[in-house]
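# Observations on chain architecture
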Amino acid sequence: MTAPHPAERGTAAPGLERLSLNQITTKHWSLPEAVRGCGQAGIPAIGLWRDKVAETGTARAARLVRDSGLTVSSLCRGGFLTAAGPEGRRAALDDNRRAVEEAAELGTDTLVLVVGGLPEGSRDLPGARARVADLLAELAPYAGQFGVRLAIEPLHPMFCADRAVVSTLGQALDLAAPHPAAQVGVVVDSYHVWWDPALPEQLARAGRDGRIAAYQVCDWTLPLPADVLLGRGHVGDGHIDFRSLTDQVTAAGYTGWIEVEIFNERIWATPGEQTLATVADRHRTHVATAPHR
């Protein structure tokens, strides 16, 4: 009888102790395929996406991941809190409450929030940011009831109009500050924050405040495609110094999962097993640090 793979026993292959596959990296895999791929590659954790969970069903997805021995590092995504008017506000609150409940059922304490861009026809950036703060005040206590932490993800400024009016780690920390750290934290995503000259100072601040809820990695590669959302590359293929960044995140006290999250049409078209082999190799070479605890 063949011995089970380390990940199938709930452990990781050597050097991959903190690695998590964010499900978007293998976009064309179903949830069962992604779970199986992680097991075969020795990747011990997975970051789930709500659309893939919905395809499988939340209860079945939770059971599938639990039975595989994988840990759910996060759920993507909640957020989009900037809609104007009472109907938009109500819809955003309802959707995010459902996302909190799904995260709890899936067994993760981290719900990633992409806060949303400007409403159609609006140029009121301060107003959009104020709505994010207002809705966070309603959602944070609700998330706390389920043991789920809302993880605000700042996105690169080029996404400010359509995806996230929160562009820097400092802005995300300002939004989190009024709430208990157990209820609201921040995501450090290499693609979105690597350029920021204030990053070392803000990472230290995030560490002091206990706010780092997730660390996501992929590389900034050139040339950018027409759809800049899809411009992410494998770690080591671009311009980000992952050793320095990971050292700073570690110095800030973060010892959690390191998710690889890549949006890239070419990588999505690559066989998933090949993608995971590259992910594992690059993690060992450029990112791997002390074991998860």
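Look up a bit, the structure's there.
Residues numbered from 1 in each chain as written. Predicted model: local features only at pLDDT ≥ 70, side-chain atom pairs only at ≥ 80, totals over all residues. Heavy atoms only, no water.

### Describing a nonpolar patch on the surface
To keep things clear, this is the line we draw: Exposure above 30% relative accessible area and the lack of any salt bridge qualify a residue for a patch; like charges then connect within 9 Å, and the nonpolar side chains Val, Leu, Ile, Met, Phe, Trp and Tyr within 5 Å. Here the accessible surface of atoms and residues is derived via Shrake-Rupley with a 1.4 Å probe, and residues count as covered only by protein chains that are part of the display. Definition used for salt bridges: Asp or Glu carboxyl oxygen within 4 Å of a side-chain nitrogen of Lys or Arg. Helical segments are the DSSP runs of H or I of at least four residues, strand segments are the runs of E of at least two, and each set is numbered from the N terminus.
There is a patch of nonpolar side chains on the surface, built from M158, L222 and L224 and spanning about 250 Å² of accessible area. If you trace the backbone, M158 turns up in the loop between β5 (149-152) and α6 (169-176).

### Considering the sheet that holds strand β1 (residues 19-22)
Threshold: Pairing between two strands is assigned when DSSP locates at least 2 bridges connecting them. Think of each axis as a best-fit line through the C-alpha atoms, taken over the contacting stretch in the case of a helix, with angles from 0 to 180 degrees between the N-to-C directions. Two residues form a contact once any of their heavy atoms are found within 4.5 Å.
Taken in spatial order, the eight strands of this closed barrel run β1-β2-β3-β4-β5-β6-β7-β10, and their pairing is parallel. Neighbour-to-neighbour, the strand axes of this sheet turn through a mean angle of 30 degrees, independent of strand direction. Relative to strand β7 (residues 212-217), helix α9 (residues 242-251) is tilted by about 170 degrees, and along the sheet it contacts β6 (184-189) and β7.

### Here's the deal with the layout of surface pockets
Defined as follows: Here a cavity means grid points, on a 1 Å grid over the protein atoms only, where a 1.4 Å probe fits yet cannot get out; a pocket means an open set of points with protein on both sides within 12 Å along at least five of seven lines; lining residues are those with an atom within 4 Å of a point. Grid points are joined across faces, edges and corners, and a volume is the space filled by probe spheres set on the points.
The space that makes up the largest pocket amounts to roughly 320 Å³. Taken together, 24 residues make up the lining of the largest pocket; nearest its centre are R149, I212, A213, Y254 and G256. Of all the secondary structure elements, the ones that give two or more residues to the lining of the largest pocket are β3 (71-79), α8 (199-208) and β7. Broken down by element, the lining of the largest pocket gets its largest block of residues, four residues, from β7.

### With respect to the environment of G185
Looking at the element boundaries, G185 is found in strand β6. Sequence-distant contacts of G185, defined by excluding residues within four places in its chain, comprise R149, L150, A151, I152, R211 and A213.

### A word on unusual backbone geometry
The peptide bond linking C76 to R77 adopts the cis configuration, its omega dihedral lying at -5 degrees. For the bond from L222 to P223, the omega torsion is 0 degrees, close enough to zero to count as cis. Within the fold, P223 resides in the loop between β8 (219-220) and β9 (232-233).

### Comments concerning the packing of aromatic side chains
Rule in force here: Think of it this way: a Phe, Tyr or Trp ring, Trp meaning its six-membered ring, pairs with another when their centres are within 6.5 Å, and the plane angle makes it stacked under 30 degrees, edge-to-face over 60, tilted otherwise. Buried means the residue's accessible area, taken with a 1.4 Å probe over protein chains only, is under 20% of the maximum for its type, while exposed means over 50%, and partly exposed covers the values in between. Charge-over-ring contacts are defined here by two conditions on Lys NZ or Arg CZ: a distance within 6 Å of the ring centre and an angle within 35 degrees of the ring normal.
Scanning the model with the defined rule gives five aromatic pairs in all. When the ring of W194 is compared with that of W220, the centres are 5.9 Å apart and the planes differ by 50 degrees; the resulting orientation is tilted. In this pair, W194 sits in the loop between α7 (190-193) and α8 while W220 sits in strand β8, placing the two residues 26 residues apart along the sequence. In this structure W220 comes out as buried when scored by relative accessible area, which is 10%. Following the ring pairs from residue to residue traces out a cluster consisting of W49, F263 and W268. Positioned above the aromatic ring of Y142 is the side chain of R97, whose terminal nitrogen or guanidinium carbon lies 5.9 Å from the ring centre.

### Some remarks on the nonpolar core
The test is simple: Only buried Ala, Val, Leu, Ile, Met, Phe, Trp, Tyr and Cys residues count toward a nonpolar core, and they belong to the same one when joined by side-chain atoms within 4.5 Å.
L48, L150, I152 and Y215 are the most contacted members of the largest nonpolar core, which has 93 residues in total. With near-sequence residues (within four places) excluded, Y215 lies in contact with V188, F242, L245, T246, V249, Y254, W257, I258 and E259.

### Overview of the side chain of S190
With respect to the helices, strands and loops of the structure, S190 is situated in helix α7. Note on S190: relative accessible area 0%, which makes it buried. Here S190 is in contact with Q216, V217, C218, I240, F242 and L245, once residues within four sequence places are set aside.

### What about empty space enclosed by the protein?
In this approach, a probe sized like a water molecule rolls over the atoms, and the result shows the empty space that is left. Filter applied, for reference: Residue polarity follows a fixed list, in which Ala, Val, Leu, Ile, Met, Phe, Trp, Tyr, Cys and Pro are nonpolar, Asp, Glu, Lys and Arg are charged, and the others, Gly among them, are polar.
Summed over all chains, the structure comprises two cavities of 30 Å³ or more. Quantified by volume, the largest cavity comes out at close to 120 Å³. Along the wall of the largest cavity there are 13 residues; nearest its centre are R77, V114, E153, R232 and F263. Listed by contribution, the elements that provide at least two residues to the lining of the largest cavity are β3 and β4 (110-114). When its volume is computed, the second largest cavity comes out at roughly 40 Å³. What lines the second largest cavity is simply V217, H234, V235, V260, V279, R282, H283 and V287. The leading source of residues in the lining of the second largest cavity is helix α11 (residues 272-287), at four residues. For the lining of the second largest cavity, the residue count by class is five nonpolar, two polar and one charged.

### A short note on the pairing of β5
A regular strand places its side chains on the two faces of the sheet in alternate fashion. Defined as follows: Throughout, right-handed denotes a crossover for which the path from the first strand over the helix to the second runs clockwise when the strands point away from the viewer.
Neither face of β5 is exposed, since R149 and A151 on one face and L150 and I152 on the opposite face are all buried. The pairing of β4 with β5 spans four bridges and is classified as parallel. Each bridged residue has a counterpart across the sheet, and for L111 the counterpart in β5 is L150. Since β4 and β5 lie parallel, the crossover through helix α5 (residues 125-145) that links them has a hand, and here it is right-handed. Across three bridges, β5 lies against β6 in parallel orientation. From the neighbouring strand, I152 faces β6, where its bridge partner is V186. One crossover worth recording links β5 to the parallel β6 by way of α6, and it is right-handed.

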